[in-house]
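Examination of the molecular architecture
Chain by chain, the residues:
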Amino acid sequence: DTVNTASRMESSSVRNRIQCSQSVADELILLHHAHWLEARKGMVSLKGKGEMQTYFVNVHDNAPSSHRTDETVDSGVSAEE
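Parameters at a glance
Residues numbered from 1 in each chain as written. Predicted model: local features only at pLDDT ≥ 70, side-chain atom pairs only at ≥ 80, totals over all residues. Heavy atoms only, no water. Helix = DSSP H or I, 4+ residues; strand = E, 2+ residues; numbered from the N terminus. Contact = heavy atoms within 4.5 Å. Areas by Shrake-Rupley, 256 points an atom, 1.4 Å probe, with all protein chains shown as cover. Phe/Tyr/Trp six-rings, centres within 6.5 Å; stacked < 30°, edge-to-face > 60°. Lys NZ or Arg CZ within 6 Å of the ring centre and 35° of its normal. Buried < 20%, exposed > 50% of the residue type's maximum accessible area, 1.4 Å probe, protein only. Salt bridge = Lys/Arg side-chain N within 4 Å of Asp/Glu carboxyl O. Core = buried A, V, L, I, M, F, W, Y, C linked by side-chain atoms within 4.5 Å. pLDDT = per-residue confidence, 0-100. Polar contact = N/O pair within 3.5 Å; in protein donor to acceptor, adjacent residues only side chain to side chain.

In this section: the overall build of the protein chain. Within the protein chain one finds 2 helices and 5 strands. Element order for the protein chain, N to C, with α for helix and β for strand: α-β-α-β-β-β-β. Counted over contacts in the protein chain with a minimum sequence separation of 6, partners at least 24 positions apart contribute 56%. Counting every atom, the protein chain has about 5,800 Å² of accessible surface; 54% of that belongs to carbon and sulfur.

What follows covers the packing of aromatic side chains. All told, the structure shown has 0 aromatic pairs when counted by the stated rule. Positioned over the ring face of Phe 56 is Arg 17, at 4.1 Å from the centre of the ring.

This part takes up the environment of Lys 41. Of note, Lys 41 is situated in the loop between strand E2 (37-39) and strand E3 (44-46). Given the relative accessible area of 82%, Lys 41 is considered exposed.

Another aspect to go through is the pattern of salt bridges. When their charged atoms lie close together, side chains carrying opposite charge are able to pair. Counted according to the given criterion, the structure contains 1 salt bridge. In this structure, Arg 17 and Glu 38 form a salt bridge, with 2.9 Å as the shortest nitrogen-oxygen distance. Of this pair, Arg 17 sits in the loop between helix H1 (2-11) and strand E1 (18-20) while Glu 38 is found in strand E2, placing the two residues 21 residues apart along the sequence.

So, about the nonpolar core. Residues Cys 20, Ala 25, Leu 28, Leu 37, Tyr 55 and Val 57 constitute the largest nonpolar core, which totals 6 residues. Mapped by element, the contributors of at least two residues to this core are helix H2 (22-30) and strand E5 (55-57). With near-sequence residues (within four places) excluded, Tyr 55 lies in contact with Ile 18, Gln 19, Cys 20, Ser 21, Gln 22, Ala 25, Leu 37, Glu 38, Ala 39 and Arg 40.

Right, let's talk about the confidence of the model for the protein chain for a bit. Averaged over every residue, the pLDDT of the protein chain is 77; the share at 70 or more is 74%. Low confidence marks residues 62-81, where pLDDT is under 50. Its contacts with residues over four positions away, or in another chain, come to 23 contacts.

All right, on to the side chain of Asn 58 then. Structurally, the position occupied by Asn 58 is in the segment after E5. Looking at Asn 58, its side chain comes within polar contact range of the side chain of Glu 38, at 2.8 Å.

So this is what it looks like as structure tokens:
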């Protein structure tokens, strides 16, 4: 189930962004890292999972603007790999 969810999240993700589930976000909040989280606008529809709230993880506040994009990932492989 975890691998299936991760695969579905990857296909709905955004290039150069780290996306996490609600359960991971809850753990980050417990660890006092809520400031790392940015809720995605609206729910994400995951095939076989339904609607799910996901979050972007922004560890570096000074990330270049080129890493802050709303383009949907068009493949599972980044150009940097």
